[in-house]
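Analysis of the macromolecular model
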Amino acid sequence: MLESITNPLDDPAADPFEVAREAAAQLAEKTGVERHDIALTLGSGWGKAADLIGETVATVPATEILGFSKPALEGHVGTLRSVRLANGKHALVIGARTHYYEGHGVRRVVHSVRTAAAAGATTMVLTNGAGGIKEHWKPGTPVLISDHINLTADSPLEGATFIDLTDLYSRRLRDLARTIDPSLDEGVYTQFRGPHYETPAEVQMAKAVGGHIVGMSTALEAIAARQAGMEILGMSLITNLAAGIQKTPLSHQEVIDAGRAAEPVISALLAQIVESL
Ligand code: 8IG
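- Per an unreviewed UniProt entry, the protein chain carries the name Purine nucleoside phosphorylase and comes from Leifsonia virtsii.
- What the UniProt record of the protein chain gives under Subunit (unreviewed entry) is the line "Homotrimer."

See below:
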């Protein structure tokens, strides 16, 4: 309760971009890194990439930075890491995602993206664990996000802010990722509110309207990243086939196990992609 009172993003009169600028200034001070070039949000299954992309310069608990929320999972410490890549660029690794289903509002969901942009990042890499609708995607398959369908009925944009979302997930970056792994498939990410998984009927609806991946993050973050002028690379780790596509009920444990099993491979892949950005 106290936390929600003290988060400036919960004040409707606050300017979320001003909060992000202040957060970026705090980040620069705590990491000693004035400017970050790229940012990565690492979702389930992707965390090990942080260790592979370069040398960690500083790790900051997200709660020490203005506007960030306490992690939803008890005992889980959300961190912001500054990593120096071999090519001298600085990456901000966001290990503290606020999900829409936490109910804190969309400003808090996209605060990390806005902070990364305010810190100088011009490339935003958004990763997640998700359900697959294409039957030939076995659990553990990484796929590129080619576009999205936002079923949250919400937006990080406020007021009459009309922003084009054509080629939201950069074709250039998708092509670049495929120079590292030509076998990478791609699909349309469908963001549901969660936190429940879909019913089989909802999965069929997503399929009918052109979705290939189902998840609970990323789309709202991508919109905010586009608003900030960033180039976006989106990748999903398929940890399970979506409800009804797979014949057995979805289990959170299964999802975690699939993510863990795939983690070394996909993290190495992502590190190679980041190196080439
Ligand atoms: I991991 O099947 C993961 N996240 N909405 N549906 C949705 N989110 C997910 C799923 C899934 N698997």
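On we go.
**Let's talk about the nonpolar core**
- By size, the foremost hydrophobic cluster in this structure holds 35 residues, and its most contacted members are Leu-80, Ala-116, Met-124, Ile-213 and Ile-232.
- Elements with a contribution of two residues or more to this core: α2 (16–31), β4 (90–94), α4 (106–109), α5 (111–118), β5 (123–132), β6 (141–150), α8 (219–227) and β9 (231–241).
- Counting residues per element, this core draws most heavily on α8, which supplies four residues.
- Each residue touching Ala-116, except ones within four places of it in the same chain, is listed here: Ala-39, Leu-92, Ile-94, Ala-121, Met-124 and Met-230.
- Counting 27 residues, the second largest nonpolar core, distinct from the first, contains Trp-46, Ala-91, Val-125 and Leu-184.

**Some points on α8**
- α8 sits mainly inside the fold: seven of its nine residues count as buried.
- Among all positions in α8, only Ala-219, Leu-220, Glu-221, Ala-222, Ile-223, Ala-224 and Ala-225 are buried.
- In the stretch just after α8, Gly-229 is the one whose phi turns positive, near 85 degrees.

**Comments concerning the side chain of Ser-236**
- Counting through the fold element by element, Ser-236 comes out in strand β9.
- For Ser-236, the side chain forms a polar contact with the side chain of Asn-128, separated by 2.7 Å.
- Ignoring any residue separated from it by four or fewer positions in sequence, one finds Ser-236 in contact with Trp-46, Asn-128, Ala-130, Thr-141, Pro-142, Val-143, Ile-145, Tyr-189 and Ile-213.

**A look at the environment of Arg-107**
- Tracing the backbone through its elements, the reader meets Arg-107 in helix α4.
- Given a relative accessible area of 14%, Arg-107 falls into the buried group.
- A sequence separation of 49 residues divides Arg-107 from Pro-156, and the C-alpha atoms of the two residues are 6.3 Å apart.
- When sequence neighbours within four positions are dropped, the list of residues in contact with Arg-107 reads Leu-9, Asp-11, Pro-12, Ala-14, Pro-16 and Glu-158.
- Side-chain polar atoms of Arg-107 contact the backbone oxygen of Asp-11, separated by 3.3 Å.
- A distance of 3.1 Å separates a polar atom in the side chain of Arg-107 from the backbone oxygen of Ala-14.

**Thoughts on the environment of Ala-219**
- Looking at the secondary structure, you find Ala-219 in helix α8.
- For Ala-219, a relative accessible area of 0% gives the class buried.
- The spatial distance from the C-alpha of Ala-219 to the C-alpha of Leu-80 is 21 Å, given a sequence separation of 139 residues.
- Ignoring sequence-local partners within four residues, the contact set of Ala-219 consists of His-148, Asn-150, Tyr-169, Tyr-189 and Gln-191.

**Considering the site of the ligand**
- Near the ligand, the surroundings consist of Gly-129, Ala-130, Gly-131, Tyr-197, Glu-198, Val-214, Gly-215, Met-216, Thr-239, Asn-240, Leu-250 and Val-255.
- Between Glu-198 and the ligand, the recorded distance is 2.4 Å, taken from a side-chain N or O atom to a nitrogen atom.
- In the model, a nitrogen atom of the ligand is placed 2.8 Å from a nitrogen or oxygen of the Asn-240 side chain.
- For the ligand, whose free accessible area comes to 320 Å², the fraction covered by protein is 94%.
- Looking at the shell around the ligand, the elements that each hand over two or more residues are β5, β8 (213–215) and β9.
- A total of three residues in the shell around the ligand trace back to one element, the largest contributor, which is β5.
- Broken down by class, the residue content of the shell around the ligand amounts to six nonpolar, five polar and one charged.

**Observations regarding the pattern of salt bridges**
- Tallied over the entire structure, the rule returns 14 salt bridges.
- A salt bridge links Asp-10 to Arg-108; the nearest nitrogen and oxygen atoms lie 2.8 Å apart. Of the two residues, Asp-10 sits in the loop between α1 (2–6) and α2 while Arg-108 sits in helix α4, which places them 98 residues apart along the sequence.
- In this structure Arg-108 comes out as buried when scored by relative accessible area, which is 3%.
- Close ionic contact of Asp-51 with Arg-81 constitutes a salt bridge, the shortest N to O distance being 2.8 Å. A residue pair is termed long-range when its members are at least 10 positions apart, and Asp-51 in helix α3 (residues 49–52) and Arg-81 in strand β3 (residues 79–85) qualify at 30 residues.
- You can call Asp-51 partly exposed: its relative accessible area is 48%.
- When salt bridges that share partners are traced, they join Asp-167, Arg-174, Asp-175, Arg-178 and Glu-186 into one network.

The rules we used
Residues numbered from 1 in each chain as written. Predicted model: local features only at pLDDT ≥ 70, side-chain atom pairs only at ≥ 80, totals over all residues. Heavy atoms only, no water. UniProt positions renumbered as here; feature names shortened; annotations may be inferred. Core = buried A, V, L, I, M, F, W, Y, C linked by side-chain atoms within 4.5 Å. Buried < 20%, exposed > 50% of the residue type's maximum accessible area, 1.4 Å probe, protein only. Helix = DSSP H or I, 4+ residues; strand = E, 2+ residues; numbered from the N terminus. Contact = heavy atoms within 4.5 Å. Polar contact = N/O pair within 3.5 Å; in protein donor to acceptor, adjacent residues only side chain to side chain. Near = heavy atom within 4 Å. Areas by Shrake-Rupley, 256 points an atom, 1.4 Å probe, with all protein chains shown as cover. Nonpolar A, V, L, I, M, F, W, Y, C, P; charged D, E, K, R; others polar. Salt bridge = Lys/Arg side-chain N within 4 Å of Asp/Glu carboxyl O.

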